[in-house]
Amino acid sequence: MPYYPLYALLFLDTGLSEAQVSALFALWSVTGLLAEVPAGVLADRWSRRGVVVLAGVLQAAGFVLWTAAPGLWGFAVGFAVWGVAGAMVSGASEALVYDGLAAVGATPSYARVAGWVTAAELLVQVPTAVLASVLVAAGGYEAVGWASVAICLAAAALATRFPEARHVADEEDADGLAGGLRETLRRPGLRLVVLAVALLGGLDAVEEYFPLLAAGGGVPTVAVPYAVLAASLAGALGGALAGRAAELPDRALPVLLATAGLLLGAAALWVHPVTLLGVAVGYGVYIAVLVVGEARLQDRVPGRHRATVTSVAGLGVELASLPVFAAWALGGIGGVALVVLAVVPVVAAGVRRRAPVS
């Protein structure tokens, strides 16, 4: 999405203050939190594919507001719409893919497929940055905006082609939100893996600090984007290897996560470009563990509430990112490393292999 690398600059160049920009980000986050679980319920009660398609259309509508009516209120309403769209796609997309694989007896492939999706999400940042630069030079923010709208609609159109394996409705489906949450709370193994995935996903907030870490490690300002890109590429490699990581013994996953935490800790003890390379490697290892954890969650979720329970985990991810932000504020990268290591025991218990739940 060409808007992604530039929207913060758009806000400032439109005349908003940094405080107003922060308020917009807060509105975006709160909207997503409030919509996360209801969006999962909608996907389970109606259509996972339909929700994914609708999310693309809503995101396009948000960018139309930004482009046609730039200003505080246009940005605010656009962010609110985008927050709802993001919540809609988070649980529905994973449920759509997993149940589609289950319909053809290919659920063991989920970790590999999800890993390649994660890798693509990270790798696409490179051509996106190039495209954004070309568009803003040729037609300013307006060109960037309309191109982003077109890409959202194209993605929504592509999503209409996804196969959807519909579950058979039963009386419990009528419970909607309450039924989905009961499924989460009733099964001890499911509770634990939801917690593990939420804590794992929250750790990804450390990515926001990679530019600061690079600058603090002596990387010149002009080279900071390349240092951040190295971490993204390492994350993409980790995602691509997630399928193989899923085949490792259960005890290997917490060891890998602990290794990632120790590499972060090394960067805190010795500020040097070499340790920044270790951080990139650790991020790639973390991404592989995260994808495997998400796959183990899908293996245990009852199909009729798959999107709802996945959205509950997504809500947990948003909440679990808060301790990461606090750890950085209090102790920098060393504080974040301690948070990673603290999550290891929960991950060890939560991502053990169990029989898939139908």
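Residues numbered from 1 in each chain as written. Predicted model: local features only at pLDDT ≥ 70, side-chain atom pairs only at ≥ 80, totals over all residues. Heavy atoms only, no water.

Some details on the confidence of the model for the protein chain
Low pLDDT means the predicted atomic positions in that stretch should not be read closely.
And then number 1: Of the residues in the protein chain, 91% reach a pLDDT of 70 or more, and the chain-wide mean stands at 86.
And then number 2: Ranking the elements of the protein chain by mean pLDDT puts helix 7 (residues 177-186) last, at 61, and helix 3 (residues 48-68) first, at 95.
And then number 3: Contacts for the low-pLDDT stretch residues 168-172, under 50 throughout, to residues beyond four places or in other chains number 6 contacts. (pLDDT = per-residue confidence, 0-100. Helix = DSSP H or I, 4+ residues; strand = E, 2+ residues; numbered from the N terminus. Contact = heavy atoms within 4.5 Å.)

Some points on the packing of helix 3 against helix 6 (residues 125-159)
And then number 1: The N-to-C vectors of helix 3 and helix 6 enclose an angle of 170°; their axes lie 8 Å apart at closest approach. Considering the angle they form, helix 3 stands roughly antiparallel to helix 6. For the pair formed by helix 3 and helix 6, the contact residues are Arg-49, Val-52, Val-53, Gly-56, Val-57, Gln-59, Ala-60, Phe-63, Val-64 and Thr-67 on the first element and Glu-142, Gly-145, Trp-146, Ser-148, Val-149, Cys-152, Leu-153, Ala-156 and Ala-159 on the second.
And then number 2: Of the residues assigned to the contact of helix 3 with helix 6, the class counts are 12 nonpolar, 5 polar and 2 charged. (Axes fitted to C-alpha atoms, helices over the stretch in contact; angles between N-to-C directions. Parallel < 35°, antiparallel > 145°, perpendicular 65-115°, else oblique. Nonpolar A, V, L, I, M, F, W, Y, C, P; charged D, E, K, R; others polar.)

Side note on the side chain of Arg-306
And then number 1: Residue placement: Arg-306 occurs in helix 14 (residues 306-350).
And then number 2: With a relative accessible area of 2%, Arg-306 lands in the buried category.
And then number 3: Separated by 2.8 Å, the side chains of Arg-306 and Asp-99 make a polar contact. (Buried < 20%, exposed > 50% of the residue type's maximum accessible area, 1.4 Å probe, protein only. Polar contact = N/O pair within 3.5 Å; in protein donor to acceptor, adjacent residues only side chain to side chain.)

Digging into the pattern of salt bridges
And then number 1: Scanning the model with the defined rule gives 5 salt bridges in all.
And then number 2: Here Asp-44 makes a salt bridge to Arg-48, at a shortest N to O gap of 2.7 Å. One exposure class covers both Asp-44 and Arg-48, and it is buried.
And then number 3: For Arg-306, the salt bridge is made with Asp-99, and the minimal N-O distance between the two is 2.8 Å. You can see Arg-306 sitting in helix 14 and its partner Asp-99 sitting in helix 4 (residues 72-103), a full 207 residues away along the chain.
And then number 4: A relative accessible area of 11% means that Asp-99 is categorised as buried.
And then number 5: Each of Asp-44, Arg-48, Asp-99 and Arg-306 takes part in a single network of salt bridges with overlapping partners. (Salt bridge = Lys/Arg side-chain N within 4 Å of Asp/Glu carboxyl O.)

Side note on helix 14
And then number 1: The terminal C-alpha atoms of helix 14 lie 17 Å apart, and with 45 residues this falls more than 12% below the ideal 66 Å at 1.5 Å per residue.
And then number 2: The largest bend in helix 14 is about 135°, located at Gly-331. (Expected span 1.5 Å × (residues − 1). Bend = angle between axes of the 7 residues up to and from the residue.)

Let's talk about the packing of aromatic side chains
And then number 1: Following the criterion strictly, the structure yields 26 aromatic pairs and no others.
And then number 2: Pairing Tyr-7 with Phe-25 gives two aromatic rings, centres 6.2 Å apart and planes at 75°, and the pair type is edge-to-face. Of this pair, Tyr-7 sits in helix 1 (residues 7-14) while Phe-25 is found in helix 2 (residues 18-45), placing the two residues 18 residues apart along the sequence.
And then number 3: Ring centres of Phe-63 and Trp-82 lie 5.2 Å apart, and the angle between their planes is 75°; this geometry places the pair in the edge-to-face category. Placement of Phe-63 in helix 3 and of Trp-82 in helix 4 is noted, with a sequence separation of 19 residues between them.
And then number 4: Phe-63 gets classed as buried once you look at its relative accessible area, which sits at 1%.
And then number 5: Among the aromatic residues, those joined into a cluster by ring pairs are Tyr-3, Tyr-4, Tyr-7, Phe-11, Phe-25, Trp-28, Phe-63, Trp-66, Phe-75, Phe-79 and Trp-82. (Phe/Tyr/Trp six-rings, centres within 6.5 Å; stacked < 30°, edge-to-face > 60°.)

Details of the nonpolar core
And then number 1: Counting 54 residues, the largest nonpolar core has Leu-200, Leu-203, Leu-257, Leu-264, Tyr-286, Val-336 and Val-347 as its most contacted members.
And then number 2: With 12 residues, the single largest contributor to this core is helix 13 (residues 273-300).
And then number 3: Excluding anything up to four places from it in sequence, Val-336 contacts Val-206, Leu-264, Val-324, Ala-327 and Trp-328.
And then number 4: Counting 21 residues, the second largest nonpolar core, distinct from the first, contains Phe-75, Ala-76, Phe-79 and Ala-132. (Core = buried A, V, L, I, M, F, W, Y, C linked by side-chain atoms within 4.5 Å.)

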